[in-house]
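Chains, contacts and geometry: an overview
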Amino acid sequence: MLTAQRRPHRAWLVCLGGALALFAVMGLGVNVFSVYQPEIVRLNGFTDAQGSWITTTRSLFILAALLYVNQLCARLGLRLVMALGVFLVGAGCLCFAWANSFAMYCAAAALTGIGYCWAGMVPISLAIGRWFRRRRGLALGLASAGSGVSTVFAPVLLTRLMEQRGMRATFLWEGAVIFLCGALVWLLVRDLPARMGLEPYGLEHSPAATAAVRQQGRGLSKAQRGLLLLAALFVGATGGPAFSHLTMLYTSTGYNSLFVAALLSYLGAAISIGKILCGQVYDRLGSGGGNLFAFGALLLAQVLCCLAPVGGAALPILAITAFGLGMSITAVSPARWAADLYGPEEYEGGVRTITVFFTGGIFVFGPLPGLLADWTGSYVPAYAVFFLLLLAAFFIVWGLYRKNT
């Protein structure tokens, strides 16, 4: 008599739904937008600063939406909020397709920003927290890797489509794919395992699993919380504007658009691998190992980006590899910091607060690369600034962990 094979836990389908949400809103909606940015600036005669302000507008609306996303999830449910978020990003693509002024581009960016927040890392972190008691680092890494998957193939495809059909048609095709992802998110994501008669993943293996999920710190003082949020602000500068201006950095130093698009595709693979690896490092080596992995890779990336004017193919490939591996700090690390330093009772609020300040860093420092490029004629000085900010964030987080865990 054959033993019935055990079915995978329903939690992994929720993880897949989160990956599809990030595939759409972070990968296609935000990361891949850097393919369009040089073309938008060129076709409309915008300055570099105006190009930066389009992405900064998106960041402003992400920040505004973050202030109420927890309450919205509690009222409407994670499933509905995440699906609506994906559909809003699809609507933003339609607006970009028909934009004919700077104000319209900013309005489209605003829609993208709201949708990105509603289907982004905060609701996904909450979903993973509700559905998983074991392997949370891996689950969060797998879900957040969805944004990297879309970055693998989309830049080259979208660049070729723009060359053949124009930017409007490219935005319309992208919007259609995002709407399809929104429908799949609605089918896969569920709010709570209890509503389906299930226990969270891992709870059935060990009743004490919940207690082992998080380190228990001694609690942060008000001053220490302020330092943690300052670190999140600095990380946001590097994970946001530094990432979104990579195409401008390399095209302005003489690399052709197809090579840069290929770099972005490779970056997507590195992001996916980095997030899964980082989740595993956090699960197996603890927060010290995970933080060192994420900060170390991203610091190295900033140094290599400063060497962009040297030329050649090797340095950009190394820079993109390090950047992709280090981008795990924007997805996996905030939930871990909230778990370790805020504690179980304040976990959900901690995730939101850290993400608010991370997004605040994107907003505050968003115009910096374009402004410095207008002033100095180069994007390299901005990456030197990002290195110093990230280094300061590393020492802040390292010090807080030493005192509180």
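An account of the accompanying structure is given in this report. (Residues numbered from 1 in each chain as written. Predicted model: local features only at pLDDT ≥ 70, side-chain atom pairs only at ≥ 80, totals over all residues. Heavy atoms only, no water.)

1. A closer look at the overall build of the protein
Secondary structure assignment for the protein yields 19 helices and 0 strands. Expressed as lengths along the three principal axes of its C-alpha atoms, the size of the protein is roughly 65 × 45 × 45 Å. Among the 405 residues that make up the protein, the fraction classed as buried is 58%. Of the contacts made within the protein by residues no fewer than 6 positions apart, 85% connect residues no fewer than 24 positions apart. Only carbon and sulfur atoms are counted for the fraction: they give 68% of the accessible area of the protein, which is about 16100 Å². Taking the average place of the 27 positive charges on the side chains of the protein and the average place of its 13 negative ones, the gap between the two points comes to 6 Å. (Helix = DSSP H or I, 4+ residues; strand = E, 2+ residues; numbered from the N terminus. Buried < 20%, exposed > 50% of the residue type's maximum accessible area, 1.4 Å probe, protein only. Contact = heavy atoms within 4.5 Å. Areas by Shrake-Rupley, 256 points an atom, 1.4 Å probe, with all protein chains shown as cover. Lys, Arg positive; Asp, Glu negative; His and termini not counted. Charge placed at Lys NZ, Arg CZ, Asp CG, Glu CD.)

2. Side note on the packing of helix α4 (residues 69-76) against helix α5 (residues 78-98)
In contact at an axis separation of 6 Å, α4 and α5 are set at 120 degrees when each is read in the N-to-C sense. Considering the angle they form, α4 stands oblique to α5. In this structure, α4 contributes L72, C73 and L76 to the contact, and α5 contributes L78, L80 and V81. Residue classes in the contact of α4 with α5 are distributed as 6 nonpolar, no polar and no charged. (Axes fitted to C-alpha atoms, helices over the stretch in contact; angles between N-to-C directions. Parallel < 35°, antiparallel > 145°, perpendicular 65-115°, else oblique. Nonpolar A, V, L, I, M, F, W, Y, C, P; charged D, E, K, R; others polar.)

3. Overview of the nonpolar core
Ranked by internal contacts, the top residues of the largest apolar core, which has 133 residues, are L246, Y250, F323 and W337. Per-element tally for this core: the top contributor is helix α14 (residues 257-306), with 14 residues. Setting aside chain neighbours within four positions, we find F323 in contact with T238, A242, F243, L246, L267, L298, A301, Q302, C305 and Y383. (Core = buried A, V, L, I, M, F, W, Y, C linked by side-chain atoms within 4.5 Å.)

4. Brief notes about the packing of α14 against helix α15 (residues 314-326)
Where α14 meets α15, the closest approach of the two axes is 5 Å, and the angle between their N-to-C directions is 40 degrees. Taken together, α14 and α15 sit at an angle that is classed as oblique.

5. Structural notes on the environment of R402
Here R402 is to be found in helix α19 (residues 380-404). On the accessibility criterion, R402 (61% relative accessible area) is exposed. Taking the C-alpha atoms as reference, R402 lies 17 Å from S333; in sequence the two are 69 residues apart.

6. Examining the packing of aromatic side chains
Each pair of aromatic rings is reported with the distance of its centres and the angle of its planes. For the structure on display, the rule yields 16 aromatic pairs. Look at F46 and Y105: their rings are 5.9 Å apart centre to centre, the planes differ by 90 degrees, and that puts the pair in the edge-to-face class. You can see F46 sitting in the loop between α2 (33-44) and α3 (48-66) and its partner Y105 sitting in helix α6 (residues 102-118), a full 59 residues away along the chain. As far as the burial class goes, F46 and Y105 line up, both buried. What links up through ring pairs into an aromatic cluster is the set F33, Y36, F46, F96, F102, Y105 and F171. Over the ring of W186 we find R79, and its NZ or CZ is 3.7 Å from the ring centre. (Phe/Tyr/Trp six-rings, centres within 6.5 Å; stacked < 30°, edge-to-face > 60°. Lys NZ or Arg CZ within 6 Å of the ring centre and 35° of its normal.)

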